[in-house]
Amino acid sequence: MNTSTSPLRTALQNLANFAGDPDGVFPLKPTKAAVVHPYPALSMWGNYSKLRQVLAKLTSGTAYADLSIADKTYLQTASCTIGVLAYNIDQIQKFDPTNVNNDYDYFGNNTFVLTQLAEELQGLMNGDESDGEVLPKGQMASRDYDPNSPRTGLTGLPKDIDYRDVPPEAWIGALKQRILLKDPAFTALPTTQEALAKVMTDPRVRMAELIMLKYQIRRDRAFGFRSSPAFGSYVGQANSKKYVLPSACNPDDFKFASLTQPNAAGQTVGDEGRYRLALSRLCGALDTTNYNPDDPTKRAWVLPKFPALYYIFPETDHKLAGALEPGTPIYDHRQPGSVLKAEVLAAATPADILAKSDSRATTDEEPYVKDAYVKDASVNGDVTFKVVGTSTLLRTPDYTLNVSPPTPTAAAASATPVLSSYPYTDTTPFPVADYALGSAIALTPQPLASWNLPHTAPLNKSEPPVSGGPNVSPNIILSTNGDKVAVPFLDRAFFDGRQVMLMRSLDIDLGMLRNSGIGSDVWLPESGIIYAFREDAIREDAIVRPVGTDTDLRNPAKPTDPDFTSGISTKAVDFRPDPERRVHGFRLRNGSEVKRKDSLLESAKNIRGLSFFTDQPVYIQGDFNLHQTTGSEDAKGDRLEEFVEQLPDNAPYDEGKFYGRKTTNYANFSASAKDRWRPSEILADSIGILSNDFCDGSIADTFVGPDLSKKTASPIADFSLLPDNAQRQNYFRDQYGDAAKSGLFGPGCTGKGYTSFHNRNISQKELPVPTVLGKSVSWDWVRENSSNATLPQRNFTAAANYWADFTSPIKISRAGQPLIEAPQSTIGAGKKPALPRPVLYGTRFGVNSYYPLSDNGEKLMSAKQTRVNATVVSGIVPSRKDQSYGGLHNFPRFLETWNNSVPLNFSGSFLQLSFSNYGTAPYDLEGWEITDTDLSKENIKYYIAPARIWGYDVGLQLSPAGPAATRFVTSSKSRNEFYNEPAVNDPYINMLCNAAKTVADPNFGPPKPAEVNCPKQSGA
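Residues numbered from 1 in each chain as written. Predicted model: local features only at pLDDT ≥ 70, side-chain atom pairs only at ≥ 80, totals over all residues. Heavy atoms only, no water.

Moving on, we get to the overall build of the protein chain. Each helix and strand in the protein chain was counted, giving 21 helices and 32 strands. Per-residue burial over the protein chain gives 53% buried out of 1020 residues. A fraction of 73% describes how many contacts in the protein chain between residues 6 or more apart in sequence connect residues 24 or more apart. Here the protein chain displays about 43800 Å² of accessible surface, and carbon together with sulfur accounts for 54% of that area. (Helix = DSSP H or I, 4+ residues; strand = E, 2+ residues; numbered from the N terminus. Buried < 20%, exposed > 50% of the residue type's maximum accessible area, 1.4 Å probe, protein only. Contact = heavy atoms within 4.5 Å. Areas by Shrake-Rupley, 256 points an atom, 1.4 Å probe, with all protein chains shown as cover.)

Listed below in structure tokens is the structure:
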């Protein structure tokens, strides 16, 4: 870390420069001019402003050993992030398609993966909808671009133009659907859910993803935001027809173990040619706007996907705006911006002339590159992004001179064997060497047997755990060998209905920590103290905008914040939650017992509970720290109270029941040898309580419902479009409730119609179902990894013959809204009709797109009885007329319906620490927008209160104070006149005594000096 040129330091510096704002480090200063900090164009990639500050300290001469603990921690977490990314890239880089051994036998019966993948892709471009097609009829020339074309089978032969610009994601999505439809190993499964889970790990799918990533990552590291030259054209065969298609890579890279013929480059049309043609569809998305296979000046161009890699792990040193490198082949990585646009239009060099065939070179202007603040010399204008390590060369630059007449079109029409490869002259897809990131920075996952982190086989329970009973860990991941394991730490996400935004939470399985040792220590420390923080959480005052009268983002070009010139921000208490804050925090689970396992810690030391300290939000889920009898470690004990006569467990109690208890139980209650309870404290920005029936779900729940029915002869999508809001509850979320099938395991989800993502102002309008070309065809949600051309145009009839990757997430725009797209509504007249462009859901439906916060659009999960014993130290929100902070009874926050009857048993204490800085949404969700001035509506739809059976835990009086509690009262040398009792010979006391001898008292008559003996002053 002390060596500025080491691969790790280089990678960290690249990341810090790319996504770090020099003036974006908290605590922030008042902003200059009209600049927001952290600057959005930089922080949109992840805010690494602090990393930039820490690295500047190292560069200026501070040794790593002399950094603060906080600075070291930040370097370590950033190194972990960059190391994980480097490992993934390193593994993908090592895949070599020219090595015939990569065409391995994955079933053990001469079923070779590359060969089978090529065959499946061929099937998706053969014009036969009965076995799946990558394109819908409306986008196929062979079907006259008619969505209702009566042609079936091979009546209309496929045409080259159909498949020129279908992106790899669309091929992979269609591949999954084809496998689900045709492969007996999948059609035999009882439900679509199981089939979908299995198809994600199918060797053919994984190989297709590997090929796509292999070429895309190498391209993006070399070209960034700039589109890059394709390889050229390739003549191959599919379904007895020769195709001429552009390719993002050299198809001759692919070698096949299944073929007896030589796997030579430039093969004549045959099995090699048709396989390579198919696999080359995965090498990258192409822009074929100006493409003509027979005109070398009208080329295809490869589109970017991961442009950030150009700056973090570049293949050559470069400045912010890139460069035009001298020599042949042409290496033009000038980034899209005003400068490139002007140079290309002037067409003064061969590179500029060539770039004119790239439609994006003269139209796109990447904001990151042309932004005035980013390209300022004090930010990134003078920065050089450097190659990370050059020790291991993986691939040399690829360049093949095209000396092969005839033209591709003539070759395809020839009846005699012809060459397949027609690379472009002067350019190549990969003009620079590819260097491995390697072990210098890559974090290599350890085999399961080498883990120090506690882990167990998951208990496959579909029902929520019994209250206070055995721990059922929801933190289930796949290990490096593919086995499912439960771990104590897992980052998850759920929707916080009060904050009206996503919360990412580090879920901490306390049951696993208290039961696990590491050497002679315990994972849940003997002291109980845990300090926790997240670098991705953003507090209100960690964002500074130009000064205005309010936090106002209605005009994105001119956002404002309240006056900050004094250096003290009022944003946390201005009743206007900042929409760009991030309320990420922590969730404590499986904490019904926090006492360490007896065999791990001797009894005399096993007296502490949990003292969890963070300045970020915390939720407690399920029972926590129960007073219960000892016995089997994970078996539920009997409830203990301070009296033998116990209060009702699940109903309120009256004065008589409370004071009628006579027989104390101090021999057992709070006694460390008899009671598993331990004094515990949680100090956080805000603290909420969830029951074990809380179901996280996923954002897809907002838009679609799962179809868990048994499959029929035709494939059933894993998601059905929701017919209307009222029926959402009929789509049970059981896919989240089975550890054997789901990666989002939530024991509380089984049999539930709602998840956390329904507790929000959800979409109110159904997607339109217009009559298009004589059929009722629905609009649909745009998918993240798909193509507009392949979006499903779902008919309400039996066979829609449209394919899409339903496993891909719904796409959310930068504006925070989902994207939707209309079905194709026209028939092409001899050419492919223009596709409807995706639009924002809110734009399509206007102001009534979503339920308002005042409506009952929110759908709440039902809570179950929960018992919590803790000292809770937390922040609150401010109050004003008609908008209370919620009162003491809402000091802990809620997100479920307790129906005013489900008990929440809380014993402990509440202490207000401050005002919240992260969880700043008001208790009463009014005045949310600047235009909302009516505070009388009582918008409290995100929870229904529990039956609060609350009281002070007298066990806190009978046990040693926790680490936080011991600091509630501190000793001081400062004199306190009210409580101090001076000595009798104190000068002050002597003065009072002498005054009593001479001054008359109206109650006791004249003074009597002889009866008053005043002691001498000290030292007199």
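After that view of the structure, there is still more to cover.
This brings us to the packing of aromatic side chains. Scanning all chains against the criterion turns up 36 aromatic pairs. On the basis of an interplanar angle of 90° and a centroid distance of 5.4 Å, the ring pair of Phe 223 and Tyr 331 is categorised as edge-to-face. Here Phe 223 is found in helix α9 (residues 203-223), whereas its partner Tyr 331 is found in strand β7 (residues 331-332), with 108 residues between them in sequence. By relative accessible area, which is 1% here, Phe 223 ends up buried. Among the residues examined, Tyr 331 registers a relative accessible area of 4% and is labelled buried. Centroid distance Tyr 653 to Phe 658: 6.0 Å. Interplanar angle 15°. Geometry classified as stacked. Relative accessible area serves as the criterion here: at 28%, Tyr 653 is assigned to the partly exposed category. Within the aromatic cluster, the residues linked to one another by ring pairs are Phe 18, Trp 45, Phe 225, Tyr 310, Tyr 311, Tyr 368 and Phe 385. It is Lys 72 that lies over the ring of Tyr 64; its NZ or CZ is 5.5 Å from the centre. Over the ring of Phe 658 we find Arg 661; its NZ or CZ atom is 4.6 Å from the centre of that ring. (Phe/Tyr/Trp six-rings, centres within 6.5 Å; stacked < 30°, edge-to-face > 60°. Lys NZ or Arg CZ within 6 Å of the ring centre and 35° of its normal.)

Compared with an ideal rise of 1.5 Å per residue, which puts 21 residues at 30 Å, α9 spans 30 Å between its outermost C-alpha atoms and is within 8% of the ideal. Counted residue by residue, α9 has 16 buried out of 21 residues, so it is predominantly covered. (Expected span 1.5 Å × (residues − 1).)

Here helix α1 (residues 7-19) crosses helix α4 (residues 69-93) at 95°, and the two axes come no closer than 10 Å. Regarding the angle of α1 to α4, the classification is roughly perpendicular. Contacts between α1 and α4 involve Leu 8, Ala 11, Leu 12 and Leu 15 on the former and, on the latter, Leu 75, Ala 78, Ser 79 and Ile 82. In terms of residue class, the contact of α1 with α4 is made up of seven nonpolar, one polar and no charged. (Axes fitted to C-alpha atoms, helices over the stretch in contact; angles between N-to-C directions. Parallel < 35°, antiparallel > 145°, perpendicular 65-115°, else oblique. Nonpolar A, V, L, I, M, F, W, Y, C, P; charged D, E, K, R; others polar.)

Put simply, Phe 26 and Pro 27 share a cis peptide bond, and its omega is 0°. With an omega of 0°, the peptide bond running from Thr 328 to Pro 329 counts as cis. Residue placement: Pro 329 occurs in the loop between β6 (324-325) and β7. A positive phi angle, close to 55°, is found at Asn 625, a residue other than glycine.

Before going further, it helps to examine the side chain of Arg 281. Within the secondary structure, Arg 281 is located in the loop between α10 (271-279) and β4 (286-287). A distance of 3.3 Å separates a polar side-chain atom of Arg 281 from the backbone oxygen of Leu 277. Residues within four places of Arg 281 in sequence aside, it is in contact with Tyr 163, Arg 164, Val 166, Pro 168, Trp 171, Leu 245, Pro 246 and Ser 247. (Polar contact = N/O pair within 3.5 Å; in protein donor to acceptor, adjacent residues only side chain to side chain.)

Tallied over the entire structure, the rule returns 49 salt bridges. In this structure, the salt-bridge partner of Lys 937 is Asp 932, at a minimum N-O distance of 3.0 Å. We classify Lys 937 as partly exposed; its relative accessible area is 33%. A single salt-bridge network, built from bridges that share partners, covers Arg 226, Asp 332, Arg 334, Glu 343, Asp 352 and Asp 358. (Salt bridge = Lys/Arg side-chain N within 4 Å of Asp/Glu carboxyl O.)

Side chains of a nonpolar character, in soluble globular proteins, are inclined to be buried together. Core analysis: the largest hydrophobic core is formed by 57 residues, its most contacted members being Leu 117, Val 134, Tyr 163, Trp 171, Ile 211 and Leu 279. At the level of secondary structure, the elements contributing two or more residues to this core comprise α5 (113-123), α6 (168-182), α8 (192-199), α9, β2 (232-238), β3 (241-247), α10 and α16 (408-413). With seven residues, the single largest contributor to this core is α6. Judged by nonpolar contacts, the second largest core, of 43 residues, contains Leu 67, Tyr 74, Ala 86 and Val 383. (Core = buried A, V, L, I, M, F, W, Y, C linked by side-chain atoms within 4.5 Å.)

Take the state of the cysteines next. According to the stated counting rule, one finds three disulfides in the structure shown. A disulfide bridge connects Cys 695 with Cys 749, and the sulfur atoms are separated by 2.0 Å. Here the disulfide of Cys 695 and Cys 749 is right-handed, its torsion about the S-S bond being about 100°. Residue Cys 695 is found in the loop between β22 (687-690) and β23 (704-706), and its partner Cys 749 is found in the loop between β24 (719-721) and β25 (771-772); the two are separated by 54 residues along the sequence. Sequence-ordered numbering of the bonded cysteines in the protein chain gives a pairing of 1-2, 3-4, 5-6. (Disulfide = S-S within 2.5 Å.)

Turning next to the environment of Ala 413. Of note, Ala 413 is situated in helix α16. What makes Ala 413 exposed here is its relative accessible area of 66%. Here the alpha-carbon distance between Ala 413 and Val 244, two residues 169 residues apart in the chain, equals 9.9 Å.

Attention now moves to the sheet that holds strand β18 (residues 585-589). Where strands meet in a sheet, backbone hydrogen bonds hold them as pairs that are either parallel or antiparallel. A sheet is described by the order of its strands in space; here five strands give the open sequence β13-β14-β18-β20-β22, paired in mixed fashion. Of all the strands in the sheet, just β13 (489-496) and β22 have a single pairing partner and so form its edges. Averaged over neighbouring strand pairs, the angle between their axes works out to 30° when direction is ignored. With four bridges connecting them, strand β20 (residues 618-621) and β22 associate as parallel partners. Within β22, the position partnered with Tyr 619 by the bridge is Gly 688. (Pairing = 2+ DSSP bridges.)

The next thing to look at is the sheet that holds strand β27 (residues 780-781). What the three strands build is an open sheet, ordered β27-β28-β29; its pairing is antiparallel. Sheet topology places β27 and β29 (839-840) at the edges, where each strand pairs with a single neighbour. With two bridges connecting them, strand β28 (residues 819-821) and β29 associate as antiparallel partners. Note on β29: the bridge partner recorded for Leu 819 is Leu 840.

As a further point, take the confidence of the model for the protein chain. Across the protein chain, the average pLDDT comes to 84, with 86% of residues at 70 or higher. Element-level pLDDT for the protein chain is lowest in β24, with a mean of 53, against a maximum mean of 98 in β22. (pLDDT = per-residue confidence, 0-100.)

Attention now moves to the pairing of strand β14 (residues 501-509). Where β13 lies against β14, eight bridges are found, and the strand directions are antiparallel. Opposite Leu 490, over in β14, you have Asp 507 as the bridge partner. Direction of pairing for β14 relative to β18: parallel, over a ladder of five bridges. Bridge pairing in β18 links Asp 509 to Arg 589.

Moving on, we come to the packing of α5 against α10. Interhelical geometry of α5 versus α10 gives an angle of 75° and a closest axis separation of 8 Å. In terms of orientation, α5 and α10 fall into the roughly perpendicular class. On α10, the residues touching Leu 114, Thr 115, Leu 117, Ala 118, Glu 119, Leu 121 and Gln 122 of α5 are Arg 274, Tyr 275, Ala 278 and Leu 279. Looking at the contact of α5 with α10, its residues break down into seven nonpolar, two polar and two charged.

Assignment of secondary structure puts Ala 33 in the loop between α1 and α2 (40-43). Taking relative accessible area as the criterion, Ala 33 reaches 73% and is therefore assigned exposed. Here the alpha-carbon distance between Ala 33 and Pro 546, two residues 513 residues apart in the chain, equals 6.6 Å.

Counting through the fold element by element, Val 1012 comes out in the segment after α21 (987-998). On a C-alpha basis, the gap between Val 1012 and Asn 994 in space is 8.4 Å, while along the polypeptide they are 18 residues apart. With residues up to four places along the chain from it excluded, the contact list for Val 1012 reads Cys 993 and Lys 997.

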